[in-house]
Each structure stands twice: as C-alpha cells, then as structure tokens.
Amino acid sequence: MATHSLLILPGDGIGPEVMAEVRRVIDWFAANKGIAFDVSEDLVGGAAYDAHGTPLTDETLAKAQEVDAVLLGAVGGPKYDNLDFSVKPERGLLRLRKEMDLFSNLRPAQCFDALADFSSLKRDVVAGLDIVIVRELTSGVYFGEPRGIHKEGNERVGINTQRYTESEIARVARSAFELAKKRSNKVCSMEKANVMESGILWRDVVQEIHDTEYPEVELTHMYADNGAMQLVRAPKQFDVIVTDNLFGDVLSDCAAMLTGSLGMLPSASLGLPMANGKPKAMYEPVHGSAPDIAGQGKANPIACILSFAMALRYSFDEGEAADLLEGAVEKVLADGVRTADLMGPEGGTPVSTTEMGDAILAALDAA
Ligand code: NAD
Ligand code: IPM
Ligand code: MN
C-alpha cells in the first residue's frame, strides 16, 4: 500500500494545540487501519520567524512542494503585529499558497444536526445546511500590483490592486463546476460587476466556461454584497459558491457562523495535478490562531481534524477513512460533547481541546 507523505505545519497560537489532536487521529488510522503515513513537521508563521527570522524558509517551502499534502494549523498573533510587513506570519502562509499555486480553496460549511441550535440564526434557517465556498486563492487584491504605502505630497496613501486574468478566473470556475457535478449541479458566482471591471471580467469568463464546457450545470450570478445578505437570510438556496480571494475570505467567515462556530470549518487549498494525478494540496482550518484563547486548552480541534479528513479524501484516496472520521465527529457532537465555542442555549460544561480529541478517538474505536 502506498505511503502518504504529509508535512505538518502547526504554526502559532492554537495551531499547535489543535494539531496535537490531529496527530493522535493520524496515529489512530496508522495503528488501526494500516494506513501508512510518512509525517514530517516544520515551522511556519511566527514560530518560523522566531527561529529563522522569516515566516517561511526556502527549505520548508521545498518540502511542501514535495509531499502529497501539507496540513497547516494557523499563523499570526499580537506578538508579531508590529513586525515589518514582509516578515509577518501571514506572509508565510500567503507565500505557501502562491508558490504552490493553490488556486482553488474549498471551504465547506455544513451544519451538523446536533449544532443546529448553536448558530446565531434560527434552526430552520441552518438545519441541514451543506454548501461549499470555492475561493480563488492565489490572485486578486491579495497579490495584485501596484501595492504598498507611498507618500503623496504630505500624506500617505495605501494601495492594493484587484487584478484577475481570464485564465485565473477560468481555472477556478472549472474547479467549481467540477465540484458542482459531484453535488447538486448548481453554482452561484459572486462578484461586484456593478462597480468593478475585474467583476465584469469575472462574470463574463465564468459564464463563458459554463456555456462552452458545463452547460448542464445551473449557473447564477449575484453581487457579493447581496450574497452576504442571502447567506444569512436563506443559506440553503446555495450549493457551490465561487468567488474571488477577498470576497471568499469574508463570505467564508460569515458561512462559518451558519455551522455554529468558526472552530468547525475545514478547508482544502488545491492546485494543479502532480505526477501521481492528485492535486498539489494544503489543508487548513478556516480559523486563525485565536490569541484570545491560545494556551488555555479551550480551542475546538474539529476544524483541523476535518481538514485532515479532506486530506484523506482528496490527496490520499482514503475516502472510507474520511467517512469514518467525519462520522466520528458527528457522533461526538450528537453525544453532546462540546468545546467552549459550542456552548449553546442549553449551556453545560465545556470539554478541553484534548478531551474533544479523546472523545473523537473513542468514537473511532467504537465505530
Ligand atoms: P481567529 O480566527 O483567530 O479568531 C476569531 C474568533 O474565533 C476568536 O474569538 C477565537 O477565539 C475564535 N476561534 C477561532 N478558532 C477557534 C477554535 N478552533 N476554537 C474555538 N474558538 C475559535 O481570527 P482573528 O482573531 O481575527 O485573528 C487572529 C490571528 O490569526 C491574526 O494574526 C490573523 O491574521 C490570524 N489568522 C490566521 C489564519 C490562518 O492561519 N489560516 C486565519 C485567520 C486569521
Ligand atoms: C484565511 C486567513 C488568511 C487570509 C490570512 C491569515 C492570510 O484569514 O485563511 O482565511 O486572509 O486568507
Ligand atoms: Mn480569513
């Protein structure tokens, strides 16, 4: 059986705390299901800056390029807020995404039945929700030139540029249509074609790819501000949403709260196929380093554990193992096991990060 190579980058804040639980899950699959992993671990973000003066070394990037999959915890934190922009922890993550060319970021938002009362929205609005935001991840205003802070006369001006080429839009559109074909055959594309030329191009290209390559998929277009409102008003109208880098960042945090907590949302950042036919890939929870709870054993490890489940499915061809792991998560939630972020209207005593890991391992044992 093939050995799956995995580079783990725990990062900062709660990153190492949630990743410790993923390591136990990996060990469980190795011991109980005979799945062979070759796991290495390295530094990224503030942790890499502290050790090497840079948030991502060339050596770490080279390793990331070689493995079957990268799993990243989270980067950043107040300790690094005043660093020079070029060495901020977030630059390490953005460089990984860009250099690995991980243009398609799948951010599923699924509302587990046991958590339907935990969303800040009404149960009826979110129960059974199962949508995926496909966020373009390597272009747009995050990377466009010109950028910077310049002096103009006697004041400073901050500049970022939204820039998309047709091919960048086309490839992420294809990945959304391919995903839709495996789901409900429905894509909604979001931009602001009413005010941005890049939005006009986005709408045109998505429509063109649809008409020429995926005419059987139902395609709609929506302005992203309306999209934000519709996500909160009636999220179940959507199935796959495709959108640009910045809108995708904001809309996916919004979608997180439909599921009960930001601590629940996994993601897969996918690039072009490698020699083995699998996409180059990095798996990362949608949440950040959560400085307000870091070091207290309070973090919910589920987003990171579900990100590993996505790695099992998309990079390792271990769909059955992914189903088993997702089932175990669903089971512990149904049993009422809750970290502090999942304390709903009925209250109760929260479990720690490690105790949530214990419960998921016990559910795997029992499955
Ligand atoms: P955040 O996602 O870290 O936290 C937002 C809120 O959600 C906080 O109240 C936090 O306690 C809570 N939260 C997040 N994850 C949780 C979990 N697993 N369990 C329980 N509660 C959780 O966002 P922020 O506070 O805006 O950013 C903090 C730092 O993280 C910043 O430096 C930011 O740049 C960075 N960040 C990194 C990533 C990443 O590495 N992928 C993503 C987002 C933000
Ligand atoms: C995310 C984060 C990142 C982003 C930051 C930390 C660079 O917010 O992954 O959602 O803006 O893409
Ligand atoms: Mn974000």
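What this report covers is the structure whose coordinates are included nearby. (Residues numbered from 1 in each chain as written. Chains lettered and ligands numbered in written order. Predicted model: local features only at pLDDT ≥ 70, side-chain atom pairs only at ≥ 80, totals over all residues.)

Here's the deal with helix α7 (residues 197-213)
Rules: Numbered from the N terminus, helices here are DSSP runs of H or I no shorter than four residues, and strands are runs of E no shorter than two. To estimate the expected span of a helix, count its residues, drop one, and scale the result by 1.5 Å. For the exposure call, what matters is how many other C-beta atoms sit within 10 Å of a residue's own: 20 or more marks it buried, 12 or fewer exposed, and in between partly exposed, using C-beta atoms placed from the backbone. Think of it as the arc spanned by the lines of direction from the helix axis to the C-beta atoms. Contact criterion: two residues are in contact if their C-beta atoms, reconstructed from the backbone, are within 7 Å.
Taking 1.5 Å per residue as the helical rise, α7 with its 17 residues ought to reach 24 Å, and the 24 Å between its terminal C-alpha atoms agrees with that figure. Of the positions making up α7, those classed as buried are Ser198, Gly199, Trp202, Val205, Val206, Ile209 and His210. Angular distribution of buried residues about the axis of α7 spans 135°; they occupy a single face of the element. Away from the buried face of α7 by more than 90 degrees, exposed residues Glu197, Asp211 and Thr212 are located. In this fold, the buried residues of α7 make contact with α6 (166-181), β8 (186-191), β9 (218-223) and β10 (240-243).

Notes on unusual backbone geometry
Glutamate 145 connects to proline 146 through a cis peptide bond whose omega is 0°. With respect to the helices and strands, the residue proline 146 is situated in strand β6 (residues 144-152). Even without being a glycine, aspartate 101 presents a positive backbone phi close to 60°. Among the secondary structure elements, aspartate 101 is positioned in the loop between α4 (89-99) and β4 (104-110). C-beta crowding within 10 Å serves as the criterion here: with 15 such atoms nearby, aspartate 101 is assigned to the partly exposed category. Residues other than glycine seldom take positive phi values, yet asparagine 185 does so here, at roughly 65°.

Some points on the environment of glycine 227
Secondary-structure assignment places glycine 227 in helix α8 (residues 224-233). On a C-alpha basis, the gap between glycine 227 and aspartate 239 in space is 13 Å, while along the polypeptide they are 12 residues apart. Once residues within four sequence positions are removed from consideration, glycine 227 is found in contact with Met190, Met222 and Leu251.

Re the site of ligand 1
Heads up, the rule is: Only the C-beta atom, placed from the backbone, is used; a residue is near a molecule or strand if that atom lies within 6 Å of it. Asp, Glu, Lys and Arg are counted as charged, while Ala, Val, Leu, Ile, Met, Phe, Trp, Tyr, Cys and Pro are counted as nonpolar; the rest, among them Gly, fall into the polar class.
Close contacts around ligand 1 come from 22 residues, with Gly76, Gly263, His287, Gly288 and Asn300 the closest. The residue inventory of the shell around ligand 1, partitioned by class, reads 11 nonpolar, 7 polar and 4 charged.

Considering the packing of helix α10 (residues 302-314) against helix α11 (residues 319-334)
For clarity, the threshold we go by: Helix axes use the C-alpha atoms of the stretch in contact, all axes being lines fitted to C-alpha atoms, and the angles between their N-to-C directions lie in the range 0 to 180 degrees. Orientation labels follow simple angle bins: below 35 degrees gives roughly parallel, above 145 gives roughly antiparallel, 65 to 115 gives roughly perpendicular, and whatever is left gives oblique. For any pair of crossing helices, the crossing counts as left-handed if the nearer helix is rotated counterclockwise from the farther one by less than a right angle, and right-handed if it is rotated clockwise.
It is the contact of α10 with α11, at a shortest axis distance of 7 Å, that shows an interaxial angle of 160°. As summarised for this structure, α10 and α11 are arranged roughly antiparallel, according to the angle between their axes. Regarding α10 and α11, the two cross each other, and that crossing is left-handed. Here α10 contributes Ile302, Ile305, Leu306, Ala309, Leu312 and Arg313 to the contact with α11, which in turn contributes Gly319, Ala321, Ala322, Leu325, Glu326 and Val329. A per-class count over the contact of α10 with α11 returns 9 nonpolar, 1 polar and 2 charged.

Observations concerning the pairing of strand β2 (residues 37-41)
Under the convention used in this document: A pair of strands counts as paired when DSSP detects no fewer than two bridges linking them. When the strands point away from the viewer, a crossover counts as right-handed if the path from the first strand over the helix to the second runs clockwise.
Of the strand pairs in this sheet, strand β1 (residues 4-11) and β2 are connected by 5 bridges, and their pairing is parallel. The residue of β2 that forms the bridge with isoleucine 8 is glutamate 41. Handedness of the crossover joining β1 and β2 through helix α1 (residues 15-33) is recorded here as right-handed.

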